[in-house]
Amino acid sequence: MSNTSFSPIHIVGGGLAGSEAAWQIAEAGVPVILHEMRGVRGTDAHQTDSLAELVCSNSFRSDDATANAVGVIHAEMRLANSLIMACADRNQVPAGGALAVDREGFAIAVTETISAHPLITVVREEVTGLPPKEWDLAIVATGPLTSQSMAKAIQAETGEDQLAFFDAIAPIVHRDSIDMDICWYQSRYDKVGPGGNGKDYINCPMDQEQYHAFLDALIAGDTVGFKEWEGTPYFDGCLPIEVMAERGRETLRHGPMKPMGLTNAHNPTVKAYAVVQLRQDNALGTLYNMVGFQTKLKYGAQAEIFRMIPGLQNAEFARLGGLHRNTYIQSPVLLDKTLTLKSRPGLRFAGQITGCEGYVESAAIGLLAGRFAAAERMGTQPVAPPATTAFGALLSHITGGHLMSEDEPGKRSFQPMNVNFGLFPDLEPGSIVRPEGLKRFRGKDKTIMKRQLMSKRALTDCSRWLAEG
Ligand SMILES: Cc1cc2nc3c(=O)[nH]c(=O)nc-3n(C[C@H](O)[C@H](O)[C@H](O)COP(=O)(O)OP(=O)(O)OC[C@H]3O[C@@H](n4cnc5c(N)ncnc54)[C@H](O)[C@@H]3O)c2cc1C
C-alpha cells in the first residue's frame, strides 16, 4: 500500500471531517486507513456513497476573510492545504459573498482525490465499537448521525450522560451588543454558588404589556418542523420556548422568565413582571446564552422576536437557537487540547461529534485532528494553533473555553457552536482608533474595525503557526 515506514492511522467516518483528516495525514507522509460505512450501511440523511456528502444546504457560508469569522476559517484552511476547501473552490457556484458549491461535483472531487492518494486506503464497513487498542492511533469522525453501535461504545467508554443525541440550543448573544442601560448583572437571590459572585447573569426586565406582546409574537412565530426520522425529541426541562408559551400565558413567567429574586438595578422600586436571563457562555466573557430559550423558531423570526426583549433591541447573535438530532460528546470535559480522549491516549475525535457545528467547522476540526495525529505518529509534540486564529478559537471553545454549568451541577450545558468572533480573545487595548479624517466613528464602525483587526491578526498568527509546525 505505501512505501513509508510509519504504521497507519485509522479514521472512522469519511464525512467532511474524516476526509480532511485523512488528507492532512497522508500529505504529511503517514498512511491512513479510512473506514466509511456508507456503501454497506446508510444514515437517515445521506443520499449517496460519496465521501464528504453535504446532507443539506450547498453553502459553506461567507467567504469574506477580511471581517467574517467563517471567511477567516476558510482562509486558514486554504493556508493549511485543505482538501475540502480545494474541492469547494474547484466546484464553486455563484452565491454572492458566500462560497456555495455544486454538491455532487464537490463530493465526487473529494472521493476521487482521497481514493487516488497512494497513502490512503478506503474500507467500506461499519466500525461497531471504539477503535481497538491495536490500531494505536485513531480518529473517530462519525458525525451527527453516528451509527448506534458506535454511539453505544462511546457511551460505555465515557459514561452515558457524556454523549447527547439531540442538541437543544438557546441563542447566544455577543455581550457588547446588550444594552446595559436597561439590563443589569445579578444572580437570582444574589446567590454566589460555586465559582460565582452573585452577579453572574445579565437580566432583561419586561413589564406586563411587553410580556404579553412578546408571548403573542412567540406563539405566532414561524417554526421549523422535525424531519420524520428525527422523531420529536422534547424532553422534560428542554421544551422549546414557543411550546412553553402555547401551554399557558403564565407558563413562561413561572419558568425561564420568572422575575423572583431579581431587583432591577436601574429601577429598584418597580418589580419586573418577567425577566429574561442570560448566562456567560465562554471563559472570555464575550458571549452570553439566553437561559431556557431553546427554540424551533425560524432564524428570521428568532432575531425579530428576541430583539423585542428590552436590552436586546440591538442584539447581535453569535448563533441562533435550534433543536436537532445530533450526536456529540461533552468535549470540554472529555478531550485534551489536541482532541485526544483523556481516558484513551491515541484516540482522537473530530468533526461535528466534538460539538462544533457546520460543514466548515467540522472540516476544520478534522484538519486539526489529522495534523495532530500525524505529528504524534512522526514522534513530534502536536502544537495547537494560537487562540487568536479561527482554528484556535474554535478548538479552545470545544476543549475548554465553554463554561460548564456550575449552578446546575450534572446538567449538560455544552451545546454545539459555529465559529464566530465572540470566541476570539479581545484585541490589545487601544487597538481600535478612529481613522484619520473620519468625522463620525460610530459603534457600528468600531465593530467593523474590530472584526477586520481580528481577521488580520488571525491570518498572520495562522501563517506563523503553520510555518513553525
Ligand atoms: C440533517 C442535517 C442537516 C445539516 N445541514 C447542514 C447545513 O445545511 N449546513 C451546515 O453547515 N451543516 C449542516 N449540518 C451539520 C454538519 O455540519 C454536517 O452534518 C457535517 O456533515 C458534519 O461533518 P462530519 O464529518 O462531522 O460528519 P458527516 O459528514 O456526517 O460524516 C460522518 C461519516 O461517518 C460515517 N459513519 C457514521 N458512523 C459510522 C461507523 N460506525 N462506522 C463507519 N462510518 C460511520 C457516516 O456515514 C458519515 O459518512 C447538518 C446536519 C444534519 C444531521
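Residues numbered from 1 in each chain as written. Predicted model: local features only at pLDDT ≥ 70, side-chain atom pairs only at ≥ 80, totals over all residues. Heavy atoms only, no water.

K.L.:
Describe the environment of L215, listing the residues and the values that go with them.
P.N.:
Locating L215 in the fold gives a position in helix α6 (residues 208-220). We classify L215 as buried; its relative accessible area is 0%. In the structure, L215 is positioned 31 residues away from E246 in sequence and 8.5 Å away in space, judged by C-alpha atoms. Discounting residues that sit within four places of it in the chain, L215 has contacts with A245, R249 and L252. (Helix = DSSP H or I, 4+ residues; strand = E, 2+ residues; numbered from the N terminus. Buried < 20%, exposed > 50% of the residue type's maximum accessible area, 1.4 Å probe, protein only. Contact = heavy atoms within 4.5 Å.)

K.L.:
Could you give me a rundown of the site of the ligand, with the residues and numbers involved?
P.N.:
Around the ligand, a shell composed of 31 residues is seen, among which A17, E36, Q352, G358 and Y359 lie nearest. The backbone of Y359 places a nitrogen or oxygen atom 2.8 Å from an oxygen atom of the ligand. Taken by itself the ligand offers 970 Å² of open surface, and the protein chains cover 92% of this. Of all the elements in the fold, those that place two or more residues in the shell around the ligand are α1 (16-27), β2 (32-36) and α10 (359-377). Considered class by class, the residues forming the shell around the ligand number twelve nonpolar, 15 polar and four charged. (Near = heavy atom within 4 Å. Polar contact = N/O pair within 3.5 Å; in protein donor to acceptor, adjacent residues only side chain to side chain. Areas by Shrake-Rupley, 256 points an atom, 1.4 Å probe, with all protein chains shown as cover. Nonpolar A, V, L, I, M, F, W, Y, C, P; charged D, E, K, R; others polar.)

K.L.:
Which residues make up unusual backbone geometry, and what values go with them?
P.N.:
One non-glycine residue, D136, adopts positive backbone phi at about 65°. Mapped onto the secondary structure, D136 falls in the loop between β6 (120-124) and β7 (138-140). The phi dihedral of D190 falls on the positive side, at around 55°, and the residue is not glycine. Positionally, D190 belongs in the loop between β10 (184-185) and β11 (201-206). Judged by relative accessible area, D190 falls into the partly exposed class, the value being 48%.

K.L.:
Give me the lowdown on the packing of aromatic side chains, citing residues and values where you can.
P.N.:
Across all of its chains, the model carries eight aromatic pairs by this definition. Between Y211 and Y273, the ring centres sit 5.5 Å apart and the planes meet at 65°, which makes this aromatic pair edge-to-face. Placement of the pair is Y211 in helix α6 and Y273 in the loop between α7 (241-246) and β12 (274-280), with a sequence separation of 62 residues. With relative accessibility at 0%, the residue Y211 sits in the buried group. Connected via pairs of aromatic rings, a cluster forms that spans F60, F106 and Y359. (Phe/Tyr/Trp six-rings, centres within 6.5 Å; stacked < 30°, edge-to-face > 60°.)

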